[in-house]
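So you can see what is in the structure, the chains are spelled out below.
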Number of protein chains: 2
Amino acid sequence: MTDEYSLLEIVKLCNTVPDINALISAEKAYRFLLNDDTLVGVLSNTDIAPLEAECAKHMEPLFVFDHSLRTVVFGAFYDTQEKRSAALAEILSKLRAQNKWATLAKWCGETFPVFGDKSQPNEVAVWVERAASSNFGIRAYGVHINGITWSKSGELLMWVAKRSMSKSTWPGYLDQMAAGGIGNGLGILESAIKECEEEAKVPRDIAMKAKLVGTTGYFMRSELGLHPETPYVFDLELPLDFVPVPNDGEVEEFYLWEINKVISSIKKKLFKPNCALCIVDFLIRHGIVTAENEPNYIEIINNIHRPLPFPGPRRV
Amino acid sequence: MTDEYSLLEIVKLCNTVPDINALISAEKAYRFLLNDDTLVGVLSNTDIAPLEAECAKHMEPLFVFDHSLRTVVFGAFYDTQEKRSAALAEILSKLRAQNKWATLAKWCGETFPVFGDKSQPNEVAVWVERAASSNFGIRAYGVHINGITWSKSGELLMWVAKRSMSKSTWPGYLDQMAAGGIGNGLGILESAIKECEEEAKVPRDIAMKAKLVGTTGYFMRSELGLHPETPYVFDLELPLDFVPVPNDGEVEEFYLWEINKVISSIKKKLFKPNCALCIVDFLIRHGIVTAENEPNYIEIINNIHRPLPFPGPRRV
């Protein structure tokens, strides 16, 4: 089997929402706004009716819906992180019980922050159940860990995970050694250490050597909804004799591959797209993919560092 | 003297054109378009009259000016790279002789490519004299080389150049070990090797180990005009005993500094801004500036990887 896709085609798989405003007008989607009109997400038109019906049952509706402007804004009463988060959790659990939003079948009990409200601690406006994040189209954060080592002859090797066939998303696809969302306000390095432990049994003393080397950014759409995402990317150099072990059932098997085998597998679309994108970032940072050997070098970098239209965290 | 500026403020010095369309309407600037309407640059309103007067002297005017749409487009006769480049060089040399564009006093005899014309080799639509690139607001490319080494005790050290007081731009400011524009169709690594040799007397066999590790991108404005720029960034690990030597009069002196001294000098605005931005990129890639120690981490990355509104090269 020969290489079938270019690296540009691969990173573009994660940038399937080229322009948020075009998407909003084409699909009559609704803007999700904070009380001060900061745009923090986008709701699909079909998700609006059940959400509005549920809101209408409360004395103080959590959201105000404007159907001519197509906006969903927090009601004035909801002026703190706590009030918004509690009311939203209640509404989402009702929608879940009524089977109104299909995504809620995968309720996690893990919450994602929505940043942008300067009057709130850490600027978190509201915490949103992870399973509903793609309904609100909010910006999500994650950690992706490149587990690498060097062979005795000095060749760069990368640990690759095969996702379990029982995973609900991308079953059987290849993945980085460890990756996951950042939920419940956990720290960034803490999240990386946790994913290393949970997915690959990397001991804490090794995992904490993971080096944060940047972020990537992309805006993807899936059957679940919208995914504007900002993964924090780590490189973790492992001892040659260290072997990751599947731990939580999310990984079927780990492989230690020469980097060229990783690249050819990426080009065959065997990797989950956002993991492929983070590995292409690795290949660029380490001078393996260069402007000399890759015709679309600059456009690939643009697709790896897509600016997102929603505020990010400013940690204080 | 204490640190006065945040790293976010520093990288924003290179992003002084937040929105090209806002700038065009606010300043009645002119869009610079290829024959197929691809936007490749922006001309200041005050540069238009002398350029139009010079074009009007020719049987086949190089550019067609539309003053209601405010566009400058190549005339239909100019359908090849060669025709466009020759006619433009002639017009610019006339403007220079008449002292019409102040920038042309610094005529380089070096040309920058404008990409985007799919019918031309390497998609280069026209070659533009470097001194005029900021008048046309075309995207420019450069190389920035981080010269680093490790002390005997394992500390990361970086070579820093002090720009000569006789430089026309940013005299006396700090710079990377070597940096410069990519002109005349020179290759990217070749340009890096050339700048290392010219500015710091780095021998070719050492310079060619420079590792391309990505690009940065920003859109700056200066008194000269507009600068949408894409520097290719290299890391070059030098032997501890190697000492760069000023060679072509552009550098006054080289310093070998601990990375913390580099950072504090960046925060004091002692570096030329685009060099500072490329070093901040280095600090992020090497895990020195992280989301834990830098509150504006994500916004800094956004400012380092600004997408530009003009086509870049697609090397074939």
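Residues numbered from 1 in each chain as written. Chains lettered and ligands numbered in written order. Predicted model: local features only at pLDDT ≥ 70, side-chain atom pairs only at ≥ 80, totals over all residues. Heavy atoms only, no water.

Under an unreviewed UniProt entry, the name given to chain A is Nudix hydrolase domain-containing protein, and the organism recorded is Coemansia spiralis.

### Observations regarding the domain arrangement of chain A
Residue and element names in this part refer to chain A. Rules: Where each domain begins and ends is defined by an automated method or by a domain database. Any two residues having at least one pair of non-hydrogen atoms within 4.5 Å are treated as being in contact. Put simply, a salt bridge is a Lys or Arg side-chain nitrogen that is within 4 Å of an Asp or Glu carboxyl oxygen. Polar contact is defined as a pair of N or O atoms within 3.5 Å, subject to the rule that within protein one atom must be able to donate a hydrogen and the other to accept it, and that residues adjacent in sequence are counted only when both atoms are side-chain atoms. Helix numbering and strand numbering both begin at the N terminus, where a helix is a DSSP run of H or I of at least 4 residues and a strand a DSSP run of E of at least 2.
For chain A, the assigned domains are domain 1 (7–15 + 140–304) and domain 2 (20–136). Here the C-alpha centre of domain 2 lies 30 Å away from the C-alpha centre of domain 1. Contacts between the two partners involve 14 residues from domain 1 and, on the opposite side, 16 residues from domain 2. On inspection of domain 1 and its partner domain 2, the count reaches one salt bridge. Notably, a salt bridge pairs Glu27 with Arg221, separated by 2.6 Å at the nearest N-O pair. Applying the counting rule to domain 1 against domain 2 returns five residue pairs in polar contact (both at pLDDT 80 or more). Counting residues per element, the ones that place at least two in the side of domain 1 that touches domain 2 are β7 (140–150), β12 (218–222) and β13 (225–237). If you tally residues by element for the side of domain 1 that touches domain 2, the top one is β13, at three residues.

### Quick word on the sheet that holds strand β2 (residues 39–43) of chain B
Residues and elements named next belong to chain B. Using the following cut-off: At least two DSSP bridges between two strands are required for those strands to pair. Every axis corresponds to a line fitted to the C-alpha atoms, with the helix fit spanning only the stretch in contact, and the corresponding angles, defined between N-to-C directions, vary from 0 to 180 degrees.
Taking strand neighbours across the sheet as the criterion, the four strands line up as β2-β1-β4-β3 in an open arrangement whose pairing is mixed. A strand with exactly one partner marks an edge of an open sheet, and here the two such strands are β2 and β3 (63–66). Each strand axis lies, on average, 25° off the axis of its neighbour in the sheet, ignoring direction. In the sheet, strand β1 (residues 30–33) pairs with β2 via four bridges, with the strands oriented antiparallel.

### Observations concerning the UniProt feature "domain: Nudix hydrolase" (unreviewed entry) in chain A
So the rule is basically this: UniProt positions are given in the numbering used here, feature names are shortened, and annotations may be inferred rather than shown by experiment.
Mapped onto the present numbering, the UniProt feature "domain: Nudix hydrolase" (unreviewed entry) falls on residues 140–281 of chain A. Regarding residues 140–281 of chain A, the helix share stands at 25% and the strand share at 40%, and the terminal C-alpha atoms are separated by 19 Å.

### Notes on the pattern of salt bridges
Evaluated as defined, the whole model comprises 30 salt bridges over all chains. Ionic pairing is found between Glu299(A) and Lys12(A), a salt bridge with its closest N-O pair at 3.5 Å. With Glu299(A) in helix α10 (residues 297–304) and Lys12(A) in helix α1 (residues 7–12), this residue pair connects regions lying 287 residues apart in the sequence. Here Glu190(B) and Arg204(B) are joined by a salt bridge, their closest N and O atoms 2.9 Å apart.

### Focus: the relation of the copies chain B and chain A
The condition that has to hold: We superpose the copies by least squares over the C-alpha atoms of residues that have a pLDDT of at least 70 in both of them.
By a simple turn and slide, chain B fits onto chain A: the slide is 0.0 Å along the axis, the RMSD is 0.0 Å, and the turn is 180°. Put plainly, the chains are arranged around a two-fold axis. For chain B, the minimum C-alpha distance to the rotation axis belongs to His305(B) and amounts to 3.2 Å. Here 100% of the contact residues of chain B are again contact residues in chain A; the copies associate through an equivalent surface.

### Focus: the pairing of strand β7 (residues 140–150) of chain B
Strand residues, when the strand is regular, have side chains that alternate between the two faces of the sheet. All names here are of chain B. Put simply, the rule is: Only protein chains enter the area calculation, which uses a 1.4 Å probe; residues under 20% of their type maximum are buried, those over 50% are exposed, and those in between are partly exposed.
The buried fraction of β7 is high, at ten of eleven residues. Looking at chain direction, β7 and strand β13 (residues 225–237) are connected through nine bridges and run parallel. Within β13, the residue paired with Val143 across the bridge is Tyr232. Where β7 and strand β10 (residues 178–181) come together, four bridges link them in antiparallel fashion. Following the sheet pairing, Ile145 is matched in β10 by Ala178. With three bridges joining them, β7 and strand β8 (residues 156–163) adopt antiparallel strand pairing.

### Some points on the packing of helix α3 (residues 45–56) of chain B against helix α4 (residues 81–97) of chain B
Residue and element names in this part refer to chain B. The condition is simple: Angle categories: roughly parallel below 35 degrees, roughly antiparallel above 145, roughly perpendicular from 65 to 115, and oblique for all the rest. Two helices cross in a left-handed way if the nearer one is turned anticlockwise from the farther one by less than a right angle. They cross in a right-handed way if the turn is clockwise. Put simply, Ala, Val, Leu, Ile, Met, Phe, Trp, Tyr, Cys and Pro go in the nonpolar bin, Asp, Glu, Lys and Arg in the charged bin, and everything else, Gly too, in the polar bin.
Relative orientation of the contacting elements α3 and α4 amounts to 120°, with a least axis distance of 10 Å. The orientation of α3 relative to α4 falls into the category oblique. As for the relative orientation of α3 and α4, their crossing is right-handed in sense. Residues Pro50, Leu51, Glu54 and Cys55 of α3 lie in contact with α4, whose contacting residues are Ile91, Lys94 and Leu95. Here the residues of the contact of α3 with α4 are counted per class, giving five nonpolar, no polar and two charged.

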